[in-house]
Amino acid sequence: GAVVSQHPSWVICKSGTSVKIECRSLDFQATTMFWYRQFPKQSLMLMATSNEGSKATYEQGVEKDKFLINHASLTLSTLTVTSAHPEDSSFYICSASERGGAEKLFFGSGTQLSVL
Amino acid sequence: QQQVKQSPQSLIVQKGGISIINCAYENTAFDYFPWYQQFPGKGPALLIAIRPDVSEKKEGRFTISFNKSAKQFSLHIMDSQPGDSATYFCAASVTGNTPLVFGKGTRLSVIA
């Protein structure tokens, strides 16, 4: 089946630093990738929709200047948390679909971000 | 506004029993309904999905039942095993380049 690789699995950083998370579709091209955020014991919250070659579409309440998304190729999307603060600590998950949209959406393994 | 309501929030089932998780939706434009399984510290994994043109879909021990008129769908896990202990999310979307809307999740514990 389709594989979505996410890296790193976990990261600890100091407050004020920036962190980049990579999401790769290993065996298919993904014109669209989705980025989610998940707090402990809660559901997945969509942060943004990442489209290859164009600007990401952010959900209401998500700061686009803080969560920078780049979808430079059909197999790679990155999320950069800029000037991270403790409240940004969370589990971030990317996803991609072979067919575009939500059908047969495959998720990465997630990145646990801890900001000290 | 939550568009997909999932229940129960948690569920304890004896090994060998049937686990049932229910979801209800409001948006009649939804036409794709997947279920995801998530283990702690991992991303969700697609279990099974259904479209409104069928009322039931079965894959191994997992079955989705779909009631279009009631705008409800459910996941049945037959012969539940301790390895099934995880959080299950229902979701829905409209065909096209639109993201999934997730339910709040059900934490399933299968005890021996």
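Below, the structure is looked at part by part. (Residues numbered from 1 in each chain as written. Chains lettered and ligands numbered in written order. Predicted model: local features only at pLDDT ≥ 70, side-chain atom pairs only at ≥ 80, totals over all residues. Heavy atoms only, no water.)

Here the focus is the pattern of salt bridges. When the charged atoms of two side chains lie near each other, side chains of opposite charge can form a pair. All names here are of chain B. Enumeration according to the criterion identifies 5 salt bridges over all chains in this entry. One salt bridge connects Arg51 with Asp31, and the closest N-O pair in it is separated by 3.8 Å. In this pair, Arg51 sits in the loop between strand E5 (45-50) and strand E6 (56-59) while Asp31 sits in the loop between strand E3 (19-25) and strand E4 (33-38), placing the two residues 20 residues apart along the sequence. Classification of Arg51 as partly exposed rests on a relative accessible area of 26%. Under the relative-accessibility criterion, Asp31 is labelled partly exposed at 21%. One salt bridge connects Lys57 with Glu59, and the closest N-O pair in it is separated by 3.7 Å. (Salt bridge = Lys/Arg side-chain N within 4 Å of Asp/Glu carboxyl O. Helix = DSSP H or I, 4+ residues; strand = E, 2+ residues; numbered from the N terminus. Buried < 20%, exposed > 50% of the residue type's maximum accessible area, 1.4 Å probe, protein only.)

Residues and elements named next belong to chain A. Residues Trp10, Ile12 and Leu116 make up a contiguous nonpolar surface patch of roughly 400 Å² in combined accessible area. Tracing the chain through its elements places Leu116 in the segment after strand E11 (111-115). Relative accessible area serves as the criterion here: at 65%, Leu116 is assigned to the exposed category. (Patch = residues over 30% accessible without salt bridge, like charges linked within 9 Å, V, L, I, M, F, W, Y side chains within 5 Å. Areas by Shrake-Rupley, 256 points an atom, 1.4 Å probe, with all protein chains shown as cover.)

This paragraph deals with the pairing of E5(B). All names here are of chain B. Pairing analysis gives 5 bridges linking E4 to E5, with the strands arranged antiparallel. Bridging across to E5, Pro34 finds its partner in Ala49. The hairpin formed by E4 and E5 contains 6 residues between the paired strands, and Gly41 there has a positive phi angle of roughly 75°. (Pairing = 2+ DSSP bridges.)

Next up on the list: the interface of chain B and chain A. Each partner contributes residues to the interface: chain B has 20 residues there, and chain A has 22 residues. The junction of chain B with chain A conceals about 1500 Å² of combined surface from both sides, 58% of it contributed by carbon and sulfur atoms. Remark: the boundary between chain B and chain A carries 0 salt bridges. Our count for the contact surface shared by chain B and chain A stands at 4 residue pairs in polar contact (both at pLDDT 80 or more). Tallied by class, residues from the side of chain B that touches chain A come to 8 nonpolar, 8 polar and 4 charged. (Contact = heavy atoms within 4.5 Å. Buried area = accessible area lost by both parts, 1.4 Å probe. Polar contact = N/O pair within 3.5 Å; in protein donor to acceptor, adjacent residues only side chain to side chain. Nonpolar A, V, L, I, M, F, W, Y, C, P; charged D, E, K, R; others polar.)

Before going further, it helps to examine the sheet that holds E6(B). What links the strands of a sheet is backbone hydrogen bonding, and the strands pair in either a parallel or an antiparallel sense. Residue and element names in this part refer to chain B. An order of E1-E3-E8-E7-E6 is seen for the 5 strands of this open sheet, with the pairing classed as antiparallel. Either end of the sheet is taken by a strand with one partner, and the two such strands are strand E1 (4-7) and E6. Mean inter-strand twist for the sheet, computed between neighbouring axes without regard to direction, equals 15°. Pairing of E1 with E3 involves 4 bridges; the strand directions are antiparallel. Within E3, the residue paired with Lys5 across the bridge is Ala24. (Axes fitted to C-alpha atoms, helices over the stretch in contact; angles between N-to-C directions.)

A word on the sheet that holds strand E8 (residues 76-81) of chain A. Residue and element names in this part refer to chain A. Taking strand neighbours across the sheet as the criterion, the 4 strands line up as E1-E3-E8-E7 in an open arrangement whose pairing is antiparallel. Of all the strands in the sheet, just strand E1 (4-7) and strand E7 (67-73) have a single pairing partner and so form its edges. Taking the axes of each pair of neighbouring strands and ignoring which way they run, one obtains an average angle of 15° across the sheet. Of the strand pairs in this sheet, E1 and strand E3 (residues 19-25) are connected by 4 bridges, and their pairing is antiparallel. Note on E3: the bridge partner recorded for His7 is Glu22.

Below, the discussion takes up the state of the cysteines. Per the stated rule, a full pass over the model turns up 2 disulfides over all chains. A disulfide bridge connects A:Cys23 with A:Cys94, and the sulfur atoms are separated by 2.0 Å. The sign of the 80° torsion about the S-S bond sets the A:Cys23-A:Cys94 disulfide as right-handed. Separated by 71 residues along the polypeptide, A:Cys23 in strand E3 and A:Cys94 in strand E9 (residues 90-97) bring together distant segments of the chain. Neither A:Cys23 nor A:Cys94 differs from the other in exposure class; each is buried. Across the disulfide from B:Cys23 sits B:Cys90; the S-S distance is 1.8 Å. What sets the handedness of the B:Cys23 and B:Cys90 disulfide is the S-S torsion sign, and at about -90° it is left-handed. (Disulfide = S-S within 2.5 Å.)

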